[in-house]
Structure formats: structure tokens, C-alpha cells
Amino acid sequence: MQQKIRHVLGLSGGKDSSALAVYMRDRVPEMEYFFSDTGKELPETYEYLDKLEAFLGKPIVRLNMDSDSNRNRDFDHWLDVYKGLLPSSQVRWCTVNLKIRPFEEYIGEDRAYHYIAIRADEDRVGYKPPKISSLPNIQPKYPFKEDGITKADVYRILEENGIGLPKYYEWRTRSGCYFCFFQRKSEWVGLLEKHPDLFELAKAYEETPNKNAKTDEQFTWCQGESLAELSQPERIAEIKANTEKALAFKKEDKPNLRLVEIFTDVLDDEDDEEPCLICHK
Ligand code: SF4
């Protein structure tokens, strides 16, 4: 008998994967939805997932969280395993252990189509989607690329279906851990203003001495700047002024864009490295 092929779609809590889930709901009714929970997501992400779950009409499987045994393999679990070594863009153990491996374990040896939210307007020359799994039984599918779905379509799909954007879009455009090292400076300021408690927790991670460090150099989530430095009033004012300037420039350049689209474009322009596809899509 031929083995059944599973259809799976991973949600990050971001706009693209959410719009793909909405787009695929009636096209592939047997779709399985999952979310690799790091245990360090924003409250707005969990809220948004609940909203999506209601729309999709089926549960979004939460990987890493084992409510039966109460032994979650979340970020703090792996931080212990790595003896206090915090992840960074150079040492990205978080994506491997919290996203890729749990996904591969979830699929096991089954054959599966994995639906990925790369948009048609991201398919530029030379753009290579990062590998999410190297298992031969998992085959990637790119419906947005195939159907010519762009960023503007993503906004439309979410709006037309009454989902909208996650609330964190008022100050941050990416899902993922509240302390993600791919975060832009202006998003750290947003975290400080919207979730001062989470900002303090992120700062506490930076300030915890790493017993395995070979130098006295302090770990910082942002390159070259600690959160204690970033939260000084004059530094906040400087970061805000830079963002305002970029927003005004973009508004003049593209007057037809809505505020949220201008905001997303401005923050995307700030990136100097490719963010994490799995966590932020
Ligand atoms: S969101 Fe950032 S910190 Fe969290 S798992 Fe992904 S890359 Fe790592």
C-alpha cells in the first residue's frame, strides 16, 4: 500500500506564514499546522495564534511543549544544555534545536509536503531560501511563489479574512523570541516601551555571567551595544529620530503605501543580515 503523504505548514506568528495558512485552508483541507514554541515569544504572538486557530478550525500543534510530562524543551532548557552560552547570529543553536529538529521529529519518517511562505516578490535573482530540513522525505512547496503572491497580497489576504496583522506590528515587524538578536534597534526600543518586563528579562540574560566564556567580554543581544546602554534616554531619542527620518523619507518616496507597509519597508531596509526564515516569516 502506498504511504500517505502528510501536508504540513509551520506558523511563526508572522504575517507571511499566517497568510499562507489562510490561503491554504480550503485548498488543502487535510493540512496540519504547527508552531515551534520557544517559550519566549511575545504575548501578542500567542494571542494571534489563538485567533488563527479559530479561523483555521483546527488546532495548531505546539512543538517543544509537553504539557503531560511538564518537561518543556524550550529556550531555557537548551540554554542549560549549552551551559549558559547565549545564541547569536554566529552561534545559532536556537534555530537548530528549537525549530529545525523539533520539526524533523514531528514528521519522523513520514513522507510530507512542507508548505513554505516565500513570496513571489522575494524570488529575486540569487535569492536562495534557506534549508529548513535536509530530510529527503520532506518536500518543500512554495504556493505563494507559484501563484505570484506578493507582500501587498499578504496584507489583503489577512484583511479580507478578518485576521489582520499581529498587534506587535505597531512597533515590530517580526515574530520570534522577545530577545531575538535579529531585532532592530528601534524594535528593542519598542520592546522597552510596550513590554518593560520582557526588556528587563532580556537585559538579565545579558548580565548573567557565562561561566564558560573565554574572555571577560560581556554578551550583548545587539552587536556592540548592551541593553543597558540602549535604554539610556539620549540613545532612545537618537534611535527614534533615525526611524522617524527613514519613515518620512519612505513616505515621500512611496506616498501610496499605508503606514504599516511603510513601517515594514523601513525596518526591512535596516537589516544588514538575512533574518531567520523559520522564526520570522
Ligand atoms: S526568534 Fe531569534 S532567538 Fe528565537 S529561536 Fe529564532 S533566531 Fe533564535
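Residues numbered from 1 in each chain as written. Predicted model: local features only at pLDDT ≥ 70, side-chain atom pairs only at ≥ 80, totals over all residues. Heavy atoms only, no water.

Here we come to helix H2 (residues 43-56). Between its first and last C-alpha, H2 extends 20 Å over 14 residues, near the 20 Å set by a 1.5 Å rise per residue. Listed in full, the buried residues belonging to H2 are Glu44, Thr45, Tyr48, Leu49, Leu52, Phe55 and Leu56. With its buried residues spanning 135 degrees around the axis, H2 presents them on a single face. Summarising the contacts, the buried residues of H2 are in contact with strand S1 (5-11), helix H1 (15-24), strand S2 (32-36), strand S3 (60-63) and helix H6 (151-160). Of the residues trailing H2, glycine 57 is marked for its positive phi of about 75 degrees. (Helix = DSSP H or I, 4+ residues; strand = E, 2+ residues; numbered from the N terminus. Expected span 1.5 Å × (residues − 1). Buried < 20%, exposed > 50% of the residue type's maximum accessible area, 1.4 Å probe, protein only. Arc of directions from axis to C-beta. Contact = heavy atoms within 4.5 Å.)

For helix H7 (residues 185-194), a buried count of seven out of 10 residues is recorded, marking the element as mostly surrounded by other parts of the structure. If you check which residues of H7 are buried, you get Ser186, Glu187, Trp188, Val189, Gly190, Leu191 and Leu192.

Attention now goes to the environment of phenylalanine 179. One can find phenylalanine 179 in the loop between H6 and H7. According to the relative accessible area criterion, phenylalanine 179 is buried, its value standing at 2%. C-alpha of phenylalanine 179 to C-alpha of glutamate 41: the two residues are 138 residues apart in sequence and 8.8 Å apart in space. Filtering out sequence-adjacent residues up to four positions away, phenylalanine 179 remains in contact with Lys40, Phe75, Trp188, Ala202, Tyr205 and Trp221.

By nearness alone, every residue bordering the ligand is listed as Cys94, Thr95, Gly176, Cys177, Cys180, Phe181, Cys279 and His280. With respect to the pocket detection grid, the ligand is positioned in the second largest cavity. Put simply, the parts of the chain that give the shell around the ligand at least two residues each are helix H4 (93-107) and helix H12 (277-280). Residues of the shell around the ligand, tallied by class, amount to five nonpolar, three polar and no charged. (Near = heavy atom within 4 Å. 1 Å grid on protein atoms, 1.4 Å probe; cavity = no way out; pocket = protein on both sides within 12 Å on 5 of 7 lines; lining within 4 Å. Sits in = over half its atoms within 2 Å of the grid points. Nonpolar A, V, L, I, M, F, W, Y, C, P; charged D, E, K, R; others polar.)

Unlike most non-glycine residues, asparagine 64 shows phi in positive territory, near 80 degrees. Within the secondary structure, asparagine 64 is located in the loop between S3 and helix H3 (75-81). The class of asparagine 64 is buried, set by a relative accessible area of 11%. In this structure, lysine 83 is a non-glycine residue whose phi angle is positive, near 50 degrees. With respect to the element layout, lysine 83 can be found in the loop between H3 and H4.

What follows covers empty space enclosed by the protein. Counting across every chain of the model gives two cavities of 30 Å³ or more. One number sums up the size of the second largest cavity: a volume of about 130 Å³. Counting residues per element, the ones that place at least two in the lining of the second largest cavity are H4 and H12. Considering every element that reaches the lining of the second largest cavity, the biggest residue donor is H4, with four residues. Grouping the amino acids of the lining of the second largest cavity by side-chain chemistry returns 12 nonpolar, four polar and one charged. (Points joined across faces, edges and corners; volume = space filled by probe spheres on them.)

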